[in-house]
Structures are given as C-alpha cells and as structure tokens.
Amino acid sequence: MPEIAEIARAVHFLRIHLVGKRIASAEAIDDANVFGKVGTTGAAVAAALKGKKVVSAGTQGKYFWITLDKPPHLVMHFGMTGWIHIKNDKTAYTNYFKKMEDTEYSVWPPRFWKFQITTDDKPAVEIAFTDPRRFGRVRLVDCPGEDIRKHTPLVENGPDPVVDKDRFTEEYLRGKMQSRHVPIKALLLDQAMISGIGNWVADETLYHAKMHPEQYCDDFSDVEIKKLYDSICYVCDLAVEKLGDSDQFPEHWLFNHRWGKGDKSSSSQLPNGEKLSFITVGGRTSCFAPAIQKKTGRVSGNAKTEPLVKEESGDEKVPLKKSRKSTGKIAKEESGDVKAPLKKGRKPRDQAVKQETNDTPATSKRSSPATSESSKSKKAKVETLVEESGRRRSGRLRK
C-alpha cells in the first residue's frame, strides 16, 4: 500500500502537471467501491471536475487532494493498488510499478482507470486514476478549499510527520504513547494517531529506534520515546525527500532487505550481519532485527512468530510463506507458543487438546465414518453366514 512517501510523490507530479490548469474534459466509471462507498458516483466526480481550474494539491498521510476554483473538491486515497498516471510521463516509484508502466500502462487510457481528465492546454495534459483491486477511494468534499482538512476524512486523522511539524512534536508522541496500551507497532499504524505511517515505514522507524514491535507503547522510557520521535522524523523526511524512490534509500535501511520473507534465494540478514525475523503483530507482518530490537518492557504476548525454514547451506533461515489452506482459527496461545490452527467444522479431539506437558501428543489412527460403516456391514454379513451354516448342519434350516 502506498504510504507517506509514495503519496508525496503523486502530489509532486500533480503540482507539476495539473495545478494552475483548467480541466477541459473529465470522464469516470461508475465504480460502486471507489466512488460509491464514500457517498458519491463516477458521474458526480466527472461533473465536479469538468471546466474547473485546479488551484492546489495537498497531502496528509495517506490522503491527498486537489482543490478547485469552486467546490466541491476531490479527496483521494490509493488503498492497496491505486495510483496516478500521466500520459507521456513516468510516475512509478518501484520496480513493480515501473514494469507495469512499460507494459500494462503503455497505452492510453491505462488499464483499470477509474477517472481521467484532460486539460485545455496545447498540448493537453492527460491524467488518470487507476486501481486494479478497487480498494482506493475518491470522494467530493463541499467546503472552501482552505478548510478541506477540517472535514471528513482528514479531520479524523492524526498529524502528518512531515507537513505538520508544529503538531507532530515529541510531546504529542509521548502523550499518545502513554495514554494507550497497545503494541507500539499497532500504535504507529493507527492513522488517527499519526497520518501516513504504514507497514514498511513503521518497521523502519522501530529498527532505527531499536524498539521491539511487540512491546507495549506505554512501557517505554522518555529516552526511548525521544529516540522513536527522532527516528520517525528521520525516516519520513528522507523518504518524502526521495519521493518514495527506494533506489535512493540508504543501503543500511531495513527497507532494502525486508522483502525476502519466504524466498530461499533472498538473504535473511542485514549487510552488518544482523539476522532478520518476522512476527505478526496486530494482524500485520513485522520485520525486525532481534539482536538490535530487544524487549525492554512488557509485551502483548499474542504476536505470532513466522515459521522458519533452513537455507540450502543450513546456516541462514527465512520465514515460510503462509499456507492458504490454514484458514482455521488459531488456538489459544500459552506461554508465548502458538498452537496449530484448528480445522473448521471439526471438534478438537480429547487427545489433541489435553496437554499435561508442552509436548505435542501423538496422534492416533482413526477410520473415517464411511470406513467404519463398511466394516460393520461386512462383519454383520459374516456373522449371518456363520449362523445359517450352523443351522443347516443341525437340520433346522429347510432348503
């Protein structure tokens, strides 16, 4: 999902190509997810854009917007796979998107477009909002342009670490951490606390702050809180400065080495030799360096450690990918150990549930219901034949 740096990149291109220009034409698909779930329609968005002059473009965390010379204005969220494409320019920020721009988005309008606009310039500028998975949101906000952040959805979100330096202070972060009792990783991902921090930014900041992602946010010292604040500012400022281009991120950043989970061909350690590990905290996979990010206080105790598999060399380990078949609920965790998921629709056997020790009991062989019925039927037939044979011998059964 695009995070604070990638959103800044999209707004950067909008300011270059769109701000100050008038929209000659606009077209939108009536997508019930992208438009409908935030109370508007594709037709309403197209009507709001056509003929309007774009006054400014702004960003707050994972949200961004364009203000027009007359309300309503357009507020957007990329969701998982949304992006802004500009004809004859490349706006991509990762190798994945760069490859897509060279193939799927090389024609115009690009695939999966939700709305597209054309300016009245000569030559005209053409821009499209795309979203293959349709988790993005495009809405209209009817208010004066300068008040757009005072309205939903922006007003419900916390300060942006880059654009809201006056609000996002060390004191603000300390107050939020000490007033909550959740794992620090979960707090960083809460957009109502801080805008723009997603999974990779949270992991990066915790790595530089040397904090364990599972530790409770209200169990850190003032010194540790200051270190986290400095780390958030450092990572977000630099990532935004580089416009989310990971090729320009420092080599020692966790970002450059965190994507090898489950890939035997990838390294499971940093250039300095520190091993990487993966756990699930608050429903999200967290990458961290255990030797650096040590627990200094209480932890939630419900994090799920990703299983590991040995490399071919037998030295390094990488996490296994999650099985798609393991959809059952995870059994209750005891002593920090995660038990195997229970299969849906099947009651746990007494032998499997009862554990007087931490050892897993051996499983007993049991026949299926169909096999049992078949065995009973065969046994009954044999008993009948034996009985009839005995009656014949005794002369009590007439032929």
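Summarised in this report is the structure supplied together with it. (Residues numbered from 1 in each chain as written. Predicted model: local features only at pLDDT ≥ 70, side-chain atom pairs only at ≥ 80, totals over all residues. Heavy atoms only, no water.)

## Notes on the sheet that holds strand 7 (residues 126-130)
Hydrogen bonds between backbone groups are what pair the strands of a sheet, and the pairing can be parallel or antiparallel. Under the convention used in this document: Should DSSP find at least two bridges between two strands, the strands are regarded as paired. Each helix is a run of H or I in the DSSP string that is no shorter than four residues. Each strand is a run of E no shorter than two, and both are numbered from the N terminus. Inter-axis angles, ranging from 0 to 180 degrees, are taken between N-to-C directions of lines fitted to C-alpha atoms, where helices are fitted over the stretch in contact. Any two residues having at least one pair of non-hydrogen atoms within 4.5 Å are treated as being in contact.
Spatially, the four strands line up as an open sheet ordered 1-6-7-5, and their pairing is antiparallel. Each edge of the sheet is formed by a strand with only one pairing partner; in this case those strands are strand 1 (23-28) and strand 5 (83-86). The average angle at which neighbouring strand axes cross in this sheet is 15°, direction not considered. The sheet contact formed by strand 6 (residues 113-119) and strand 7 spans five bridges and is antiparallel. Each bridged residue has a counterpart across the sheet, and for Trp-113 the counterpart in strand 7 is Thr-130. Across the sheet, helix 1 (residues 4-17) touches strand 5 and strand 7, and the angle it forms with strand 5 is around 30°.

## Overview of unusual backbone geometry
Filter applied, for reference: Between buried and exposed lies partly exposed: a residue is buried under 20% and exposed over 50% of the maximum accessible area for its type, with that area taken using a 1.4 Å probe on protein chains only.
Backbone torsion omega between Pro-71 and Pro-72 reads 5°, so that peptide bond is classified as cis. Secondary-structure assignment places Pro-72 in the loop between strand 3 (63-68) and strand 4 (73-77). Geometrically, the link from Trp-108 to Pro-109 is a cis peptide bond, its omega value of 0° lying close to zero. Residue position: Pro-109 is located in the loop between helix 3 (95-102) and strand 6. For Arg-134, which is not glycine, the phi torsion reads 65° and is therefore positive. Looking at the secondary structure, you find Arg-134 in the loop between strand 7 and strand 8 (137-141). On the basis of relative accessibility, which here comes to 32%, the residue Arg-134 falls in the partly exposed class. Despite not being glycine, Lys-210 shows a phi value in the positive range, around 60°. Checked against the element boundaries, Lys-210 lands in the loop between helix 6 (199-209) and helix 7 (222-241).

## Some remarks on a nonpolar patch on the surface
Definition in use: For patch detection, residues must exceed 30% relative accessible area and be free of salt bridges, and they are connected within 9 Å for like charges or within 5 Å for nonpolar side chains (Val, Leu, Ile, Met, Phe, Trp, Tyr). Each accessible area is a Shrake-Rupley estimate made with a 1.4 Å probe; only the visible protein chains count as cover when residues are assessed. Only one rule defines a salt bridge in this text: a Lys or Arg side-chain nitrogen within 4 Å of an Asp or Glu carboxyl oxygen.
On the surface, Met-1, Met-80 and Phe-135 cluster together to form a nonpolar patch covering roughly 270 Å² of accessible area. A relative accessible area of 42% places Met-1 in the partly exposed class.

## What to know about the pattern of salt bridges
For side chains of opposite charge, pairing can occur when their charged atoms come near one another. In this structure the tally under the stated criterion is 17 salt bridges. With a closest N to O distance of 3.9 Å, Asp-218 and Arg-298 form a salt bridge. Taken as a pair, Asp-218 in the loop between helix 6 and helix 7 and Arg-298 in the loop between strand 10 (284-288) and strand 11 (304-305) lie far apart in primary sequence, 80 residues in all. A relative accessible area of 27% means that Asp-218 is categorised as partly exposed. With a closest N to O distance of 3.3 Å, Asp-219 and Arg-298 form a salt bridge. Taken together, the residues span a long stretch of sequence, with Asp-219 in the loop between helix 6 and helix 7 and Arg-298 in the loop between strand 10 and strand 11 at a distance of 79 residues.

## Overview of the sheet that holds strand 3
The four strands lie next to each other as 2-3-4-8, forming an open sheet whose pairing is antiparallel. Each edge of the open sheet carries a strand with a single partner, namely strand 2 (54-60) and strand 8. Taking the axes of each pair of neighbouring strands and ignoring which way they run, one obtains an average angle of 20° across the sheet. Helix 1 rests against strand 2 and strand 3 of the sheet, and its axis sits at about 170° to strand 2. Helix 2 (residues 42-49) rests against strand 3, strand 4 and strand 8 of the sheet, and its axis sits at about 55° to strand 8.

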